[in-house]
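Examination of the molecular architecture
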Amino acid sequence: MWFDAILIFVLIICVVTDLKSRKIYNNVIFPALMIGVFSHIIASGWTGLFFSLKGFFLGLGLLLIPYLLGGMGAGDVKLLALIGALKGSLFVFYTAIYMGLIGGVIALGILLFRRGFIKRIKGILYSMGCWKFGIRIPVFIEKDALTQTYPYGLAIAGGAAVCLAMKGVLL
């Protein structure tokens, strides 16, 4: 219950700051990480440390490649690693699955409701129709459309919230 309370508190703060300033702050993540790791050590000794570190490194590893490719912020990676350190590797694994689903829905919503969507769809359909007849016309997508980002901390928190709800914590 202690770890759930810490996680919910940190998730609320991170979602608010990510939506407001597009940042997940280290002065929120690192104290929670230290509290979580030391609490696991106090509760279970070496087993607790191993449990916490295993979850931490799995959470870190799941988003490390997207971060290195430039598609993810460092705060998002640290937030998922914190979730792993608090709740363990199995919890962070399921969180990542739900995070990906929620992130995809958010991205689809942004694509659907952003200005110029109809124009992009018409261009794609026109190019595909031309391919049918052997004519290669490149799909013209504005550079701005490819660089749009959104606060992924919302998807991470949503994935963790789904996992907490499935465990009966949020109900």
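Scroll up for the structure.
This text gives an overview of the structure that appears in the document. Note that the coordinates shown come from a computational prediction; the quantities given were computed from them, not determined experimentally.

Its 23 residues give helix H3 (residues 46-68) an end-to-end C-alpha distance of 31 Å, which sits within 8% of 33 Å, the value for a rise of 1.5 Å per residue. Approximately 30° is the largest bend angle found in H3, and it occurs at Leu 62, with the proline Pro 66 only one to four residues beyond. Every buried residue of H3 is accounted for by Gly 48, Leu 49, Ser 52, Gly 55, Gly 59 and Leu 63. On its buried face, H3 sits against helix H2 (26-44), helix H4 (74-87), helix H5 (89-113) and helix H8 (153-166).

This paragraph deals with the packing of H4 against H5. Contact geometry of H4 with H5 gives a least axis separation of 7 Å together with a crossing angle of 145°. Crossing angle aside, the handedness with which H4 passes H5 is right-handed. In this structure, H4 uses Leu 80, Ile 83, Gly 84 and Lys 87 to contact H5, whose residues at the interface are Ser 89, Phe 91, Val 92, Thr 95 and Met 99. The residue inventory of the contact of H4 with H5, partitioned by class, reads five nonpolar, three polar and one charged.

One pass over the structure, following the stated rule, counts one salt bridge. Across the pair Lys 87 and Asp 4 runs a salt bridge whose closest N-O atoms are separated by 2.4 Å. Within this pair, whereas Lys 87 is found in helix H4, its partner Asp 4 is found in helix H1 (residues 2-21), the two being separated by 83 residues in sequence. An identical accessibility class is assigned to Lys 87 and Asp 4; each is buried.

Taken as a whole and judged by the stated rule, the model has three aromatic pairs. Judged by centre distance (5.2 Å) and plane angle (80°), the ring pair of Phe 56 and Phe 57 falls under edge-to-face. Seen from their ring centres, Tyr 150 and Tyr 152 are 5.8 Å apart, and the 55° between their planes marks the pair as tilted. Lying across the ring of Phe 91, Lys 87 places its NZ or CZ 5.2 Å from the centre.

The subject of this paragraph is the environment of Asp 4. Judged by relative accessible area, Asp 4 falls into the buried class, the value being 8%. Linking Asp 4 and Leu 82, residues 78 residues apart in sequence, is a C-alpha distance of 12 Å.

Another aspect to go through is the nonpolar core. In terms of nonpolar packing, the biggest core is built from 34 residues, with Val 10, Leu 79, Leu 82, Ile 83, Met 99 and Ile 156 touching the most fellow members. Of all the secondary structure elements, the ones that give two or more residues to this core are H1, H2, H3, H4, H5 and H8. Every residue in contact with Met 99, bar those within four places of it in the chain, is listed here: Leu 63, Leu 80, Tyr 152, Ala 155, Ile 156 and Gly 159.

Reading guide: rules and limits
Residues numbered from 1 in each chain as written. Predicted model: local features only at pLDDT ≥ 70, side-chain atom pairs only at ≥ 80, totals over all residues. Heavy atoms only, no water. Helix = DSSP H or I, 4+ residues; strand = E, 2+ residues; numbered from the N terminus. Expected span 1.5 Å × (residues − 1). Bend = angle between axes of the 7 residues up to and from the residue. Buried < 20%, exposed > 50% of the residue type's maximum accessible area, 1.4 Å probe, protein only. Contact = heavy atoms within 4.5 Å. Axes fitted to C-alpha atoms, helices over the stretch in contact; angles between N-to-C directions. Left-handed = near helix turned anticlockwise from the far one by under 90°. Nonpolar A, V, L, I, M, F, W, Y, C, P; charged D, E, K, R; others polar. Salt bridge = Lys/Arg side-chain N within 4 Å of Asp/Glu carboxyl O. Phe/Tyr/Trp six-rings, centres within 6.5 Å; stacked < 30°, edge-to-face > 60°. Lys NZ or Arg CZ within 6 Å of the ring centre and 35° of its normal. Core = buried A, V, L, I, M, F, W, Y, C linked by side-chain atoms within 4.5 Å.

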